[in-house]
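One-letter residues, chain by chain:
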Amino acid sequence: MAERVEEVSNKQVILRDYVSGFPKESDFEVRTSKIRLNAAQGSKSVVVKNLYLSCDPYMRNRMRNSIGSNSASLTPGSPITGYGVARVIDSRHPNVKIGDLVWGMTGWEDYSLITEPETLFKIEHKDVPLSYYTGILGMPGMTAYGGFYEVGSPKEGEYVFVSAASGAVGQLVGQFAKLKNCYVVGSAGSKEKVDLLKDKFGFDEAFNYKDEPDLDKALKRCLPDGIDIYFENVGGKMLDMVLLNMRLHSRISVCGMISQYNLEKQEGAHNLFCLITKRIRMAGFLVFDYYSMYPKYLDMILRLIQEGKITYVEDIAEGLENAPTALIDLFYGPNIGKQVVLVARDQ
């Protein structure tokens, strides 16, 4: 007897073409196609219903035809792909069961066919919001963990500066640093975000970089004794001024450079000689380097959440049709905290 094949409508967010400059609404298209909800016999594929999608700054680099990038370019005319949370509705993989909740790479669409389900992480802990697996319990959480603890090598009582500190990664780095009894300063792009850093996340000091005509003076005001660890999310002029304020044998953990992602000609750094004179260790990293540590991280972070020692702020946009705006907003700054798109509520 032939297997019954169910086909349904599938709303998708399509990248029209590679993007120059800041992304805009016209770079995206929301369209509806058809998808079979059955994974092919003989394959190891799974079909998932997407519940939450993650908007992340690194996705901007995938919108250009780049060679040598850490992430493959998106394909114009096809659905955007990124991290998300989903429920498995059909599976041909022996380790993935129908009904499983998973997080990992998926499509910006109602339903996705995942041909390499071994890259997915199964969600076992469901006593926290599922959306957390796009952030604190997912890729951004592991990014903060690997970048701060493994690359930054923090010591008790050190001086830590975090740029883009209210975002998905920065808000966690600051709280990890406070748990290490460090003095923590963050920069953000609005008074509301600065207040959030100090009042909710426990940063010792914070400043709005848009209100600071001289970033060097702002850093010296907030960190008069200099910086031991800089968690780099911004690049450009901020990095240049931070280099002047680093202490001897300090560390720079390079996570991202969001100020440069939309520029056709990226800005250079002028104070790199400080790396020599101050014996600074500056290292880039990718979250993939640390996924083997995910079980260890999960044990730590779930305990901290349960004990109320760490908090997390999300900005949730509802509806797949609002996903392009949510992603674009990352580069203009109106969102507060981790940007998430709710596609469907888990039934």
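Summary of the structure given here.

What counts, and where the lines are drawn
Residues numbered from 1 in each chain as written. Predicted model: local features only at pLDDT ≥ 70, side-chain atom pairs only at ≥ 80, totals over all residues. Heavy atoms only, no water. Axes fitted to C-alpha atoms, helices over the stretch in contact; angles between N-to-C directions. Helix = DSSP H or I, 4+ residues; strand = E, 2+ residues; numbered from the N terminus. Parallel < 35°, antiparallel > 145°, perpendicular 65-115°, else oblique. Contact = heavy atoms within 4.5 Å. Nonpolar A, V, L, I, M, F, W, Y, C, P; charged D, E, K, R; others polar. Phe/Tyr/Trp six-rings, centres within 6.5 Å; stacked < 30°, edge-to-face > 60°. Buried < 20%, exposed > 50% of the residue type's maximum accessible area, 1.4 Å probe, protein only. Salt bridge = Lys/Arg side-chain N within 4 Å of Asp/Glu carboxyl O. Core = buried A, V, L, I, M, F, W, Y, C linked by side-chain atoms within 4.5 Å.

Details of the packing of helix H1 (residues 139-151) against helix H7 (residues 294-306)
- Direction vectors running N to C along H1 and H7 enclose 100 degrees, while the axes themselves pass 11 Å from each other. Compared by their axis directions, H1 and H7 come out roughly perpendicular. On H7, the residues that touch Gly-141, Met-142, Tyr-145 and Tyr-149 of H1 are Tyr-294, Lys-296, Tyr-297 and Met-300.
- In terms of residue class, the contact of H1 with H7 is made up of six nonpolar, one polar and one charged.

Here's the deal with the packing of aromatic side chains
- Taken as a whole, this structure holds 19 aromatic pairs when the rule is applied.
- For the ring pair Phe-231 and Phe-285, a centre distance of 6.3 Å and an interplane angle of 65 degrees mean the geometry is edge-to-face. A residue pair is termed long-range when its members are at least 10 positions apart, and Phe-231 in strand E11 (residues 227-232) and Phe-285 in the loop between strand E13 (281-284) and H7 qualify at 54 residues. When sorted by exposure, Phe-231 lands in the same class as Phe-285, which is buried.
- Ring-pair connections join several aromatic residues into one group, and the members of that group are Tyr-58, Tyr-83, Trp-103, Phe-121, Phe-288, Tyr-291 and Tyr-294.

Description of the pattern of salt bridges
- Tallied over the entire structure, the rule returns 17 salt bridges.
- Of the charged contacts, one joins Lys-24 and Asp-27 as a salt bridge, the two residues approaching to 3.5 Å between their closest N and O atoms.
- If you follow the salt bridges from partner to partner, you end up with Arg-16, Glu-29 and Arg-31 in one network.

Considering the packing of helix H2 (residues 170-179) against H7
- Packing of H2 against H7 leaves a shortest axis separation of 13 Å and a crossing angle of 80 degrees. Comparing their axes, H7 and H2 come out roughly perpendicular. Counting all contacts with H2, which are made through Leu-172, Phe-176 and Leu-179, the residues of H7 involved are Tyr-297, Met-300, Ile-301 and Leu-304.
- For the contact of H2 with H7, the class distribution of residues is seven nonpolar, no polar and no charged.

A few points about H1
- Most of H1 is tucked away, with eleven of its 13 residues classed as buried.
- For H1, the set of buried residues is Met-139, Pro-140, Gly-141, Met-142, Thr-143, Ala-144, Tyr-145, Gly-146, Gly-147, Phe-148 and Val-151.
- Downstream of H1 by one or two residues, Ser-153 has phi in the positive range, about 45 degrees.

A short note on the nonpolar core
- Trp-103, Ile-136, Leu-137, Met-142, Phe-176, Tyr-297 and Ile-301 are the most contacted members of the largest nonpolar core, which has 60 residues in total.
- Broken down by element, this core gets its largest block of residues, eight residues, from H7.
- Once residues lying within four places of it in the same chain are set aside, the contact partners of Phe-176 are Ala-144, Tyr-145, Phe-148, Tyr-149, Tyr-297, Met-300, Ile-301 and Ile-310.
- Counting 22 residues, the second largest nonpolar core, distinct from the first, contains Phe-28, Ile-80, Ile-328 and Leu-330.

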